[in-house]
Amino acid sequence: MPFPYWVVGVPLSWYLILSAVLFSLGVAGFLFRRNVITVFMSIELMLNAVNLSFVAFSYKLGQNDGHIFSFFVMVVAAAEAAVGLAIILTVFKNRHTLEIDEVSSLRN
Amino acid sequence: MDAVLFLVFAVISVACAVNLVLQRHPIASALSLVGVMGSLAFVYLQLGGEFIAAAQLVVYAGAIMVLFVFVIMLLNEGKERKQKMKLWVRWAGVPLLFAFFALMALIVQAILPPQANVKFGSFTAGNAADIGDKLFTRYLLPFEVTSVLILIAIVGAIVLARKELD
Amino acid sequence: MPYIVLSLIKTLIVVLILMHTLAYLQWVERKVIAHVQLRVGPRRVGPHGLLQPLADVIKLITKEDMLPSHVNKPFYFLAPFLAVLFALIPMCLIPYGGDINVFGIHTTMQVTDVSVGILLVLGLSGMGVYGVALAGWASNNKYSLMGGLRSSAQMISYELPMAMAIAAPLLILNTLSFRHMVDAQAGFYFGFIPKWSIFQGPFPQIFSFILFVIAGFAETNRVPFDLPEAENELVAGFHTEYSSMKFAAFFMAEYANMVTVSCIATLLFLGGWHPLWPAAYGSSFLPTLIFGITALVCFSHAVNPARPFDRITLPVFGVLFLIIAGVYLVPPVQQILMPLFWFGAKAGGILFVFIWIRATLPRFRYDQLMHFAWTFMFPAALINLFFTSLLVALT
């Protein structure tokens, strides 16, 4: 690529790289953290990265269907966050801990 | 100028995401995630997605993350204990991550043609009128289905989180 | 002129005017509440207490800035910062007037016109919850935590009727951008009734206006919804542990939120900067008339003053008002000042209602407040939205 990028705009690949970086950080948080809520937040980070990818490709294709799909991802993430946090609250009431290693067995 | 704007918000979002993964207190992670969402809203604005940027602020940063912050404050567990990671994980983790990013960046750059550049303001179909148009004509069925989904989520959350009556 | 230099100049002007407005809004509030309660209010610092905000600022700056040892320090410092940040950003999105032509530069009296302006303002007011919740939690004090949680739960509960009360006039005005919204309210029915949203067919948005103002009271934690921060209820709610400048930051955030709600109400419902009756019938002379009458009142009171130093200050005020009345007659300045006058008059009227209600009504108990939100405001806003959309779809 020629050096003065800023004369012609930002390369689209930079947006996709940002999306990939955020997604991998989300995966890293999901795998390495022990607090259930932080794991859940890493999932939200992954969803955000995917949204960015949708919007970037929607720019490339010149249609706004990617925006609409991103909107649906947001709505589903909202519903999932509500139910997931309610489940976490219930689990906390029973197990009195928020570490996923401790709540890994089905029987108490 | 466009590249500078993109780089500023990209660096902020990556820094907040790294902070999310590294912080031990869940509230700090939650606020870092709010930072990620805010900077991503600016990135969406650059890509012409005005409605999506506003929806990101209203729905994600303004409602979902407030829910997270409330639950964290309610449960009030405090910092995580320090974990004992194996030595090779700690020393090889970050360099491997960087190697992975470099590989992905090379692949992505190779696939996309160099003329695929984002000029700010050249995508105009992202405003509310155009999105509403598509949402209520072509994507009407998924729209109604997601409203039923949200209703199910509301009922489920209320049932799960209320006190058990004896 | 390059866009960024122009935007910086506009931002500077908005910041200067806004900071002075916030300071003097507190003076106006104290004076109005005092006169409602048949007393005088601040009168010692400067004539009629006009330098009272300066004295307050000096007091707050020089007060000891305590850092209690038991607080969670990063979040303790972050909370007032977040509160003020999300309260001040909407000021950049609001248009204060129409197109102007200054020294050959053709621009609008708005820092930036985003095409989804009202959605962004809604989102930013939703993010104002963070400052309050974090302040309550970081103070590590059960009263602050209770106050913080109650206040944030109240703000979230009233966001919903507010959003639906905003959606109803948007269906009629058919746009999300502030500038187009106000442009859709230009003009007059029958030549003299203004086409504001509260008068516009097919469904005059009076009910939405009332719902929006009530929800605005609750969003900004003002009486009658100010239980979370009332001094005789919960010590001082979520800002108990904050002193001097951080407390001033929360206060400034509250007043900035009030100003934002008033400005949004004028833009959505009261027609922005368009006059009440057409300029052909002489509405351009109204500010001159008002300031002239004020000057005459000042002079007539100066002849027989209640206090000895008023013999000097009242004529000075009279002369000042006469100068302002004269400025409104100069044509090149008139194109900037007239829209500002109407916008300021309408937003100022709503702010006066905010202050008036604070002086008059008692406060709700917290469960009454939440009950009111979920059992009255939410169905009312829903029914209002339903009728509006029905009428818009049928015509």
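Okay, the overall build of chain B next. The helix and strand tally for chain B stands at six helices and one strand. Reading chain B from its N terminus to its C terminus gives the helix and strand order α-α-α-α-β-α-α. The C-alpha extent of chain B, read off along each of the three principal axes, is 65 × 55 × 25 Å. Out of the 166 residues belonging to chain B, those deemed buried represent 35%.

In this section: the overall build of chain C. Within chain C one finds 12 helices and four strands. In terms of C-alpha radius of gyration, chain C reaches 22 Å, essentially the compact-globule figure of 21 Å for 395 residues. Projecting the C-alpha coordinates of chain C onto the three principal axes gives extents of approximately 65 × 65 × 50 Å. Within chain C, buried positions represent 41% of all 395 residues. For chain C, contacts bridging at least 24 residues in sequence account for 76% of all contacts bridging at least 6.

The next point concerns the pairing of strand E2 (residues 105-108) of chain C. Residues and elements named next belong to chain C. In this structure, strand E1 (residues 99-102) lies alongside E2, joined through four bridges in antiparallel fashion. Bridged to Ile100 within E2 is Thr107. If you look at the hairpin formed by E1 and E2, you'll find two residues sitting between the two strands, and Phe103 has a positive phi there, around 50°.

Here the focus is the arrangement of the chains. When the two pairs of chains in contact are compared, the highest contact count belongs to chains A and B. No part of chain A reaches chain C; the closest C-alpha pair between them is 14 Å apart.

Structurally, the position occupied by Gly348(C) is in helix H11 (residues 331-360). Counting along the chain gives 215 residues from Gly348(C) to Ala133(C), while the straight-line C-alpha distance between them is 29 Å.

This next bit is on unusual backbone geometry. Residue and element names in this part refer to chain C. Backbone geometry at Asn174 places phi at a positive 65°, although glycine is not the residue there. Mapped onto the fold, Asn174 is located in the loop between helix H5 (142-173) and helix H6 (178-183). Exposure remark for Asn174: the 12 C-beta atoms within 10 Å place this residue in the exposed category. Here Asn221, not a glycine, exhibits a phi torsion of approximately 60°, which is positive. Mapped onto the elements of the fold, Asn221 is located in the loop between helix H7 (206-219) and helix H8 (244-268). Classification of Asn221 by C-beta neighbours within 10 Å gives buried; the count is 26.

Opposite the 57 residues of chain A that make contact, chain B presents 69 residues. When contributions to the side of chain A that touches chain B are tallied by element, the ones reaching two or more residues are strand E1 (10-11), helix H1 (12-32), helix H2 (36-61) and helix H3 (65-95) of chain A. Ranked by residues supplied to the side of chain A that touches chain B, first place goes to H3(A) with 21 residues. Of the residues belonging to the side of chain A that touches chain B, the class tally is 43 nonpolar, 11 polar and three charged.

We now examine the nonpolar core. Ala30(B), Met65(B), Val69(B) and Ala83(C) are the most contacted members of the largest nonpolar core, which totals 165 residues. A total of 17 residues in this core trace back to one element, the largest contributor, which is helix H3 (residues 50-75) of chain B. If you count residues domain by domain, this core takes at least three from each of domain 1 (1-78) and domain 2 (127-166) of chain B. If we skip the residues at most four places from it in the chain, Val69(B) touches Ile27(B), Ala30(B), Tyr130(C) and Ala133(C). Counting residues in each nonpolar core, the second largest holds six residues, with Phe291(C), Leu314(C), Phe317(C) and Phe321(C) among its members.

A few words on helix H1 (residues 3-36) of chain C. Residue and element names in this part refer to chain C. If you check H1, its first and last C-alpha atoms are 47 Å apart, about what 34 residues at 1.5 Å a residue would give, namely 50 Å. Within H1, burial applies to Leu22, Leu25 and Trp27. Considering only its buried residues, H1 is in contact with helix H2 (52-62), H8 and H11. Where H1 terminates, the next one or two residues include Leu38, which has phi positive at roughly 60°.

When the terminal C-alpha atoms of H5(C) are compared, their 46 Å separation across 32 residues agrees well with the 46 Å that a helix rising 1.5 Å per residue should span. Residue Asn174(C) follows H5(C) closely and has a positive phi angle near 65°.

What follows is about the interface of chain C and chain B. Each partner contributes residues to the interface: chain C has 16 residues there, and chain B has 14 residues. Residues belonging to the side of chain C that touches chain B are distributed by class as follows: 13 nonpolar, three polar and no charged.

For chain B, the assigned domains read domain 1 (1-78) and domain 2 (127-166). Inter-centroid distance (C-alpha atoms) of domain 1 of chain B to domain 2 of chain B is 23 Å.

What follows is about the packing of H1(C) against H11(C). All names here are of chain C. Here H1 crosses H11 at 45°, and the two axes come no closer than 9 Å. With respect to H11, the element H1 is oriented oblique. Between H1 and H11 the crossing geometry is right-handed. Only Leu351, Ile355, Trp356, Arg358, Ala359 and Thr360 of H11 make contact with H1, whose side of the interface consists of Leu25, Val28, Glu29, Val32, Ile33 and Val36. A per-class count over the contact of H1 with H11 returns nine nonpolar, one polar and two charged.

In this section: the environment of Gly9(A). Within the secondary structure, Gly9(A) is located in the segment before E1. When sequence neighbours within four positions are dropped, the list of residues in contact with Gly9(A) reads Asp2(B), Asn117(B), Val118(B) and Lys119(B).

Let us now look at the confidence of the model for chain B. Chain-level pLDDT for chain B is 86 on average; 95% of the residues reach the 70-or-more range. Mean pLDDT values over the elements of chain B span from 75, in strand E1 (residues 117-118) of chain B, up to 93, in helix H2 (residues 26-46) of chain B.

All right, on to the confidence of the model for chain C then. Counting all residues, the mean pLDDT for chain C is 86, and 97% of those residues have values of 70 or more. We note a pTM of 0.90 for the whole complex and an ipTM of 0.88 for its interfaces.

As a further point, take the packing of H1(C) against H8(C). All names here are of chain C. Relative orientation of the contacting elements H1 and H8 amounts to 95°, with a least axis distance of 10 Å. When the axis of H1 is compared with that of H8, the two are roughly perpendicular. In contact with Thr21, Leu22, Leu25 and Gln26 of H1, H8 contributes Met252, Tyr255, Ala256 and Val259. Taken together, the residues that form the contact of H1 with H8 break down as six nonpolar, two polar and no charged.

Calculation rules
Residues numbered from 1 in each chain as written. Chains lettered and ligands numbered in written order. Predicted model: local features only at pLDDT ≥ 70, side-chain atom pairs only at ≥ 80, totals over all residues. Helix = DSSP H or I, 4+ residues; strand = E, 2+ residues; numbered from the N terminus. Buried ≥ 20, exposed ≤ 12 C-beta atoms within 10 Å, placed from the backbone. Rg over C-alpha atoms; globule rule 2.2 N^0.38 Å. Contact = placed C-beta atoms within 7 Å. Pairing = 2+ DSSP bridges. Nonpolar A, V, L, I, M, F, W, Y, C, P; charged D, E, K, R; others polar. Core = buried A, V, L, I, M, F, W, Y, C linked by C-beta atoms within 7 Å. Domains from an automatic or database assignment. Expected span 1.5 Å × (residues − 1). Axes fitted to C-alpha atoms, helices over the stretch in contact; angles between N-to-C directions. Parallel < 35°, antiparallel > 145°, perpendicular 65-115°, else oblique. Left-handed = near helix turned anticlockwise from the far one by under 90°. pLDDT = per-residue confidence, 0-100.

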